[in-house]
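# Fold and contact review
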Amino acid sequence: MKKALIVVDYQNDFVDGALGFLAAENIADKIYSLVANAVASKDFIVFTKDTHYDNYMETREGKFLPVPHCIKGTPGHDLYGRLADFEDVVTPNAVIIEKETFGSDRLCAVIEEAFSGEPDVIEFCGVVTNICVLSNVVLCQTYFKNAKIVVHEDATAAIGKQQDYAIEVLKGLGVEIV
């Protein structure tokens, strides 16, 4: 089975930094386990990294969410905790995509290239469920019309009720929630 695991924005600033929240910290072990299993299975892994620059406050997102975060070159931009261990294993089977917006305009092309077509399954984990996870799920679901899209509910997080709302929206889109 051709499978990809997408780890969305599990970076310091979303866990214990500028936009950190407890629910994000609580999924660290689950995400680490998913990645370790994917590495062992030789599944394709994509780590997306929310990436901003010193001009963040002048961008559309900066005006919408006026909290500088994930500034390239700062500790907040780095993968969180033990996930940083995997930055050294980036190979043809594991890549990092830096993205300047909620969704990655490169994600689908990178997945398609890795599989020389469409994978069977695309799994998602990470943060923030109602923003970046949802955006990237919708992009992949649109691009890969026959791939099974799976979201690991216990390995995603959003603030408060936004998690529940996002999961309901994902279910409504036909995404498998596990």
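On a predicted model such as this, the values are computed, not experimentally measured, just so you know. (Residues numbered from 1 in each chain as written. Predicted model: local features only at pLDDT ≥ 70, side-chain atom pairs only at ≥ 80, totals over all residues. Heavy atoms only, no water.)

## Details of unusual backbone geometry
Rules: Think of it this way: any DSSP run of H or I at least four residues long counts as a helix, any run of E at least two long counts as a strand, and we number them from the N terminus. Think of it in three bands: residues with accessible area under 20% of the maximum for their type are buried, residues over 50% are exposed, and the middle band is partly exposed, with areas taken using a 1.4 Å probe on protein chains only.
Between valine 127 and the following residue, valine 128, the backbone shows a cis peptide bond with an omega angle of -15 degrees. Here valine 128 lies in the loop between β4 (121-127) and α6 (129-143). Positive phi outside glycine occurs at aspartate 9, with the angle close to 50 degrees. With respect to the helices and strands, aspartate 9 occurs in the loop between β1 (3-8) and α1 (12-15). A residue is classified by how much of its surface remains accessible, and aspartate 9, at 0% relative accessible area, is buried.

## Observations concerning the pairing of strand β2 (residues 44-50)
Here is the rule we go by: Should DSSP find at least two bridges between two strands, the strands are regarded as paired.
Most of β2 is tucked away, with seven of its seven residues classed as buried. Because side chains alternate across β2, one face comprises the buried residues Phe44, Val46, Thr48 and Asp50, and the other comprises Ile45, Phe47 and Lys49, equally buried. The sheet contact formed by β1 and β2 spans five bridges and is parallel. Following the sheet pairing, alanine 4 is matched in β2 by phenylalanine 44. In this sheet, strand β3 (residues 94-99) lies alongside β2 in parallel orientation, the contact comprising six bridges. Bridge assignment links phenylalanine 47 to a residue of β3, and that residue is isoleucine 96.

## Considerations on the side chain of threonine 129
What counts, and what does not: The criterion used for residue contact is that any of the two residues' heavy atoms lie within 4.5 Å.
Structurally, threonine 129 can be placed in helix α6. Non-local contacts of threonine 129, meaning those with residues more than four positions away in its chain, are made with Leu134, Thr156, Ala157, Ala158, Gln163, Ala166, Ile167 and Leu170.

## Examining the pattern of salt bridges
Think of it this way: side chains of opposite charge can pair up when their charged atoms draw near. Cut-off, in case you're wondering: Note on definitions: salt bridges are taken to be side-chain nitrogens of Lys or Arg within 4 Å of carboxyl oxygens of Asp or Glu.
On inspection of all chains with the given rule, the structure shows nine salt bridges. Between arginine 82 and aspartate 29 there is a salt bridge, with its nearest N and O atoms 3.2 Å apart. Pair noted here: arginine 82 is in the loop between α4 (60-64) and β3 and aspartate 29 is in helix α3 (residues 28-41), with a separation of 53 residues, a long-range link. Here arginine 82 falls in the partly exposed class, since its relative accessible area comes to 43%. In this structure aspartate 29 comes out as exposed when scored by relative accessible area, which is 56%. Residues lysine 72 and glutamate 98 are paired through a salt bridge, measuring 2.7 Å at the closest nitrogen-oxygen approach. Here glutamate 98 lies in strand β3 and lysine 72 lies in the loop between α4 and β3, a separation of 26 residues in the sequence. By relative accessible area, lysine 72 is classed as partly exposed at 43%. Salt bridges linked by common partners bring Lys3, Asp43 and Glu123 together as one network.

## Let's talk about helix α7 (residues 162-172)
Operational definition: To obtain the arc, one takes the directions from the helix axis to the C-beta atoms.
Every buried residue belonging to α7 is among Gln163, Ala166, Ile167 and Leu170, and all of these are buried. Mapping the buried residues of α7 onto a view down its axis gives an arc of 100 degrees, with all of them on the same face. Tucked inside the fold, the buried residues of α7 contact α6, β5 (148-157) and β6 (176-177). Backbone geometry just after α7 places glycine 174 at a positive phi near 85 degrees.

## Some words on the packing of aromatic side chains
Using the following cut-off: Aromatic pairing here means that ring centres of Phe, Tyr or Trp (its six-membered ring) are within 6.5 Å. Orientation follows from the plane angle: under 30 degrees is stacked, over 60 is edge-to-face, and everything else is tilted. Sitting over a ring, as applied to charges here, requires NZ of Lys or CZ of Arg to be within 6 Å of the ring centre and within 35 degrees of the ring normal.
All told, the structure shown has four aromatic pairs when counted by the stated rule. For the ring pair phenylalanine 64 and phenylalanine 102, a centre distance of 6.3 Å and an interplane angle of 70 degrees mean the geometry is edge-to-face. Placement of phenylalanine 64 in helix α4 and of phenylalanine 102 in the loop between β3 and α5 (107-115) is noted, with a sequence separation of 38 residues between them. Looking at phenylalanine 102, the relative accessible area reads 25%, which means it is partly exposed. On the basis of an interplanar angle of 75 degrees and a centroid distance of 4.9 Å, the ring pair of tyrosine 143 and phenylalanine 144 is categorised as edge-to-face. Among the residues examined, phenylalanine 144 registers a relative accessible area of 2% and is labelled buried. It is arginine 82 that lies over the ring of tyrosine 32; its NZ or CZ is 3.8 Å from the centre.

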